[in-house]
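# What the coordinates show
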Amino acid sequence: MANKRNLKRTINYVCSDLFAECVAAYLYTGKQNDENMNALLNSILVVHNHYISRISHPEPGIKQKAYYQDLIKKFNEEVSEIIDQIKNIG
């Protein structure tokens, strides 16, 4: 773990790219399903807010290194799920 600031920047960057890709996939496909798109965009925002707040307020009683490794692992898993959902839009 480098530091909290870099981790927050990385999460912000990844989530903003996911948001942009989701909007682009929505606009460039012929399928216009607003409910699914709104749910996907909402899930990106929820993931962003959840992990940013977890960085700012780590759980007590867990070693920092293990806590942040677990946080990064879970974030990557959720991002890959969102990427799979974006692939299924088109």
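Check the entry above for the structure.
Let us look at the structure shown here.

Criteria and cut-off values
- Residues numbered from 1 in each chain as written.
- Predicted model: local features only at pLDDT ≥ 70, side-chain atom pairs only at ≥ 80, totals over all residues.
- Heavy atoms only, no water.
- Helix = DSSP H or I, 4+ residues; strand = E, 2+ residues; numbered from the N terminus.
- Expected span 1.5 Å × (residues − 1).
- Buried < 20%, exposed > 50% of the residue type's maximum accessible area, 1.4 Å probe, protein only.
- Contact = heavy atoms within 4.5 Å.
- Phe/Tyr/Trp six-rings, centres within 6.5 Å; stacked < 30°, edge-to-face > 60°.
- Core = buried A, V, L, I, M, F, W, Y, C linked by side-chain atoms within 4.5 Å.

## Topic: the environment of Asn36
Along the chain, the position of Asn36 falls in helix H2 (residues 34-56). The sequence separation of Asn36 and Ile89 amounts to 53 residues, and the corresponding C-alpha distance is 8.8 Å.

## Here's the deal with helix H3 (residues 64-87)
The terminal C-alpha atoms of H3 lie 35 Å apart, and with 24 residues this matches the ideal 34 Å at 1.5 Å per residue to within 8%. Taken together, the buried positions of H3 are Tyr67, Tyr68, Leu71, Phe75, Val79, Ile82 and Ile86. For H3, the secondary structure elements touched by its buried residues are helix H1 (4-28) and H2.

## Thoughts on the packing of aromatic side chains
Enumeration according to the criterion identifies 2 aromatic pairs in this entry. On the basis of an interplanar angle of 75 degrees and a centroid distance of 5.3 Å, the ring pair of Tyr51 and Phe75 is categorised as edge-to-face. Of this pair, Tyr51 sits in helix H2 while Phe75 is found in helix H3, placing the two residues 24 residues apart along the sequence. Looking at Tyr51, the relative accessible area reads 1%, which means it is buried. Judged by centre distance (5.1 Å) and plane angle (80 degrees), the rings of Tyr67 and Tyr68 are edge-to-face.

## Some details on the nonpolar core
Ile11, Cys22, Phe75, Ile82 and Ile86 are the most contacted members of the largest nonpolar core, which has 23 residues in total. Taken together, the elements giving at least two residues each to this core come down to H1, H2 and H3. Setting aside its immediate chain neighbours within four residues, Phe75 contacts Ile11, Val14, Cys15, Val47 and Tyr51.

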